[in-house]
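# A structural walkthrough
Residues per chain, in single letters:
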Amino acid sequence: MELKSYILPLSLSIFVLLELGAPFYRFRVNKLRHGLINISTGLTSFLISTIVYFTLLSEVLGIDHGLSRFMPNEFLKLIVALLLFDLWMYIWHRMNHEIPFFWRFHKAHHSDVAMDATTGLRFHPIEVLLSTGARLPIYLLIGVNAEIIITYESLMAVIVIFHHSNVTINPEVDDALSFAITTPRMHRVHHSDFYKETNSNYGTLLSLWDRIFGTFNVRQDVENICIGLEDYRDDKSQSFFGFMTTPFK
Ligand SMILES: [Zn+2]
């Protein structure tokens, strides 16, 4: 896990600095307090899922007999595995919006009223337990080694921090990037408090799946989007405790 261990704090630091220099939205929150709450939620979820899944994950990653063993070379194996993982992440994210039981936990991520790079870490521990558990059979089906998983998760960490970031990007550059990856303009629509917009742009790494499955959604006046969820805007809901109890409200 060496690659991932420095990529996440490095990309987080870079995007937080860019946000401070050129913020897109002028949120009325204390950025330090907001960032610390989001980082605490991320660390809590990471610790809990590591404790629960460590042994099981090591076992699963040691089995290299899934679909990808039919690939003729390592490069093709890597590309096919990355595409299949990303497709699974699209399906899983969409399930989190469309199945009420999963939305209960995923809405804690969406309740952030001031989306920035740290929101990329803000996932409820139960959502992380569910998503890690659901990924285990996918790892087995695709059949990959730890190196491929780490490559995907490292790429995912950078892109997830990037598309949550509150940095100002030239709209033409963002549009061009959105042909390949999920960008901040796309993801701001996903974090809108208008449910028809929330239920679009599910992609994690690639924008391809939203384009194929008809959930790609752009809006020209992104600056007018109201970020967050209507019922969770109060100070209590925005606190660490409020975040942890959001699924049970
Ligand atoms: Zn979502």
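Computed from a predicted model, the values in this text were never measured in an experiment.

What counts and how
Residues numbered from 1 in each chain as written. Predicted model: local features only at pLDDT ≥ 70, side-chain atom pairs only at ≥ 80, totals over all residues. Heavy atoms only, no water. Helix = DSSP H or I, 4+ residues; strand = E, 2+ residues; numbered from the N terminus. Buried < 20%, exposed > 50% of the residue type's maximum accessible area, 1.4 Å probe, protein only. Contact = heavy atoms within 4.5 Å. Axes fitted to C-alpha atoms, helices over the stretch in contact; angles between N-to-C directions. Parallel < 35°, antiparallel > 145°, perpendicular 65-115°, else oblique. Left-handed = near helix turned anticlockwise from the far one by under 90°. Nonpolar A, V, L, I, M, F, W, Y, C, P; charged D, E, K, R; others polar.

Before going further, it helps to examine the environment of leucine 229. Relative to the helices and strands, leucine 229 resides in the loop between helix H10 (208-212) and helix H11 (235-238). According to the relative accessible area criterion, leucine 229 is buried, its value standing at 11%. Sequence-wise, leucine 229 and leucine 36 are 193 residues apart; in three dimensions their C-alpha atoms are separated by 20 Å. In contact with leucine 229, not counting residues within four places along its chain, are Trp103, Lys107, His110, Ser111 and Asp193.

Quick look at the environment of aspartate 221 now. The topology assignment puts aspartate 221 in the loop between H10 and H11. Separated by 32 residues in sequence, aspartate 221 and valine 189 have C-alpha atoms that sit 10.0 Å apart.

Before going further, it helps to examine the packing of helix H3 (residues 74-98) against helix H6 (residues 146-164). Closest axis-to-axis distance for the H3/H6 pair is 10 Å, and the angle between their directions is 55 degrees. Overall, the two elements H3 and H6 adopt an arrangement that is oblique. Relative to H6, the crossing made by H3 is right-handed. Where H3 approaches H6, its residues Lys77, Leu78, Ala81, Leu82, Phe85, Asp86 and Met89 are matched on the opposing element by Ile148, Ile149, Thr151, Tyr152, Leu155 and Met156. For the contact of H3 with H6, the residue count by class is 10 nonpolar, 1 polar and 2 charged.

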